[in-house]
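So you can see what is in the structure, the chains are spelled out below.
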Amino acid sequence: MSEKTVTRMDLSEAIFREVGLSRNDSAQLVESVLTHMSDSLARGEQVKISSFGTFSVRDKSARVGRNPKTGEEVPIQPRRVLTFRPSHLLKDRVAVGPRR
Amino acid sequence: MIRSELIQKIAEENPHLFQRDVEKIVNTIFDEITEAMARGDRVELRGFGAFSVKKRDARTGRNPRTGAAVEVEEKNVPFFKTGKLLRDRLNGK
């Protein structure tokens, strides 16, 4: 793996490059997209991005966990978790790995 | 919410932008994330989550219908870890 980390800044740079908006506006739009997705998920909705993947919220019931270091039992409260299911397209693009 | 609804919301908030530009903006974001993962890079979006690539070793699998053994090659799979802020929001914090 090449291990480079892509951040919000790289995404807004791509919008600046591809769409020609100012860097400021580009950064704000990246934020808006993430905010809308988060808001929708926080409402318990599914976010389905065709040819990318699906984010869904799942309910987990309470269970007894264990502190792996001390072996002590700790109750784990019921909670909601987010799962991401990549589309076939994304899986296929990633599966082959970097072509170097 | 689906991709087109996301585009619609962004368009409504930005009446000064053409619809086709909003489409391009949203598509660019997901394309960049896809390209990054295809390169084996990690995508870290603080507060939202991080996309990374995990390596799965080659293994001997089985055709569940026939029971025949099949060699499955080593491959990379996309992985997403939810950010702390979003995880807390899901749980009403």
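Quick caveat, the model's predicted, so the values are computed rather than measured.

Engineer: Account for unusual backbone geometry, with residues named and values stated.
Structural biologist: The phi angle of most residues is negative, glycine excepted, and most peptide bonds adopt the trans form. Located in the positive-phi region is Ser51 of chain A, a residue other than glycine, with phi close to 60°. Turning to its location among the elements, Ser51 of chain A is positioned in the loop between β2 (47–49) and β3 (53–60).

Engineer: Summarise the layout of surface pockets; cite the residues concerned and give the values.
Structural biologist: Estimated volume of the largest pocket: approximately 380 Å³. At the level of secondary structure, the elements contributing two or more residues to the lining of the largest pocket comprise β6 (79–86) and α3 (88–95) of chain A together with β5 (75–82) and α3 (84–90) of chain B. The dominant element in the lining of the largest pocket, judged by the number of residues it contributes, is β5 of chain B, at 8 residues. A per-class count over the lining of the largest pocket returns 10 nonpolar, 3 polar and 7 charged. Roughly 190 Å³ of volume is contained in the second largest pocket. Contributing to the lining of the second largest pocket are 14 residues, with Gly49, Ala50, Lys81, Thr82 and Gly83 of chain B lying nearest its centre. Elements with a minimum of two residues in the lining of the second largest pocket: β1 (42–45), β2 (49–56), β5 and α3 of chain B.

Engineer: Mind laying out the domain arrangement of chain B, listing which residues take part and the relevant values?
Structural biologist: Residue and element names in this part refer to chain B. You can read the domains of chain B as domain 1 (1–40) and domain 2 (42–93). On the domain 2 side, the residues contacting the 4 residues of domain 1 number 7 residues. Buried surface at the junction of domain 1 and domain 2, summed over both partners, amounts to about 440 Å²; 86% is from carbon and sulfur atoms. On the domain 1 side of the contact with domain 2, Ile33, Met37 and Gly40 bury the most area, a combined 88% of that side's loss. The interface formed by domain 1 and domain 2 includes 0 salt bridges. At the surface where domain 1 touches domain 2, the tally comes to 0 residue pairs in polar contact (both at pLDDT 80 or more).

Engineer: Tell me about the packing of aromatic side chains, residues and numbers included.
Structural biologist: Considering all chains together, one arrives at 11 aromatic pairs over all chains under this definition. Judged by centre distance (5.5 Å) and plane angle (45°), the ring pair of Phe52 of chain A and Phe84 of chain A falls under tilted. Placement of the pair is Phe52 of chain A in the loop between β2 and β3 and Phe84 of chain A in strand β6, with a sequence separation of 32 residues. Summarising the burial analysis for this pair, Phe52 of chain A and Phe84 of chain A share the class buried. Judged by centre distance (6.2 Å) and plane angle (75°), the rings of Phe55 of chain A and Phe51 of chain B are edge-to-face. Remark: Phe51 of chain B occurs in strand β2 and Phe55 of chain A occurs in strand β3; the pair is interchain, linking two chains. Pairwise contacts between aromatic rings join Phe52, Phe55 and Phe84 of chain A together with Phe30, Phe48, Phe51 and Phe80 of chain B into one cluster. Above the plane of the ring of Phe18 of chain B lies Arg20 of chain B, whose end atom (NZ or CZ) is 4.8 Å from the centre.

Engineer: If you had to explain the sheet that holds strand β1 (residues 5–6) of chain A to someone new, which residues and values would you point to?
Structural biologist: Taken together, 4 strands build an open sheet; the order of strands is β1(A)-β1(B)-β2(B)-β5(B) and the sheet is mixed. The two strands at the open ends of the sheet, each matched to only one other strand, are β1 of chain A together with β5 of chain B. Where β1 of chain B meets β2 of chain B, 3 bridges bridge the pair, whose relative direction is antiparallel. Bridge assignment links Glu44 of chain B to a residue of β2 of chain B, and that residue is Ala50 of chain B. Packed on one face of the sheet, helix α2 (residues 19–38) of chain B meets β1 of chain A together with β1, β2 and β5 of chain B and runs near 30° to β2 of chain B.

Engineer: I'd like a description of the packing of helix α1 (residues 8–19) of chain A against α2 of chain B, backed by residues and values.
Structural biologist: Packing of α1 of chain A against α2 of chain B brings their axes to within 9 Å, and their N-to-C directions diverge by 135°. Viewed along their axes, α1 of chain A and α2 of chain B adopt a mutual orientation that is oblique. Judged by the twist between their axes, the crossing of α1 of chain A over α2 of chain B is right-handed. Of the residues in α2 of chain B, those in contact with Leu11, Ala14, Ile15, Arg17, Glu18 and Val19 of chain A of α1 of chain A are Asp21, Lys24, Ile25, Thr28, Ile29, Glu32 and Ile33 of chain B. Partitioning the contact of α1 of chain A with α2 of chain B into residue classes produces 7 nonpolar, 1 polar and 5 charged.

The rules behind the values
Residues numbered from 1 in each chain as written. Chains lettered and ligands numbered in written order. Predicted model: local features only at pLDDT ≥ 70, side-chain atom pairs only at ≥ 80, totals over all residues. Heavy atoms only, no water. Helix = DSSP H or I, 4+ residues; strand = E, 2+ residues; numbered from the N terminus. 1 Å grid on protein atoms, 1.4 Å probe; cavity = no way out; pocket = protein on both sides within 12 Å on 5 of 7 lines; lining within 4 Å. Points joined across faces, edges and corners; volume = space filled by probe spheres on them. Nonpolar A, V, L, I, M, F, W, Y, C, P; charged D, E, K, R; others polar. Domains from an automatic or database assignment. Contact = heavy atoms within 4.5 Å. Buried area = accessible area lost by both parts, 1.4 Å probe. Salt bridge = Lys/Arg side-chain N within 4 Å of Asp/Glu carboxyl O. Polar contact = N/O pair within 3.5 Å; in protein donor to acceptor, adjacent residues only side chain to side chain. Phe/Tyr/Trp six-rings, centres within 6.5 Å; stacked < 30°, edge-to-face > 60°. Buried < 20%, exposed > 50% of the residue type's maximum accessible area, 1.4 Å probe, protein only. Lys NZ or Arg CZ within 6 Å of the ring centre and 35° of its normal. Pairing = 2+ DSSP bridges. Axes fitted to C-alpha atoms, helices over the stretch in contact; angles between N-to-C directions. Parallel < 35°, antiparallel > 145°, perpendicular 65-115°, else oblique. Left-handed = near helix turned anticlockwise from the far one by under 90°.

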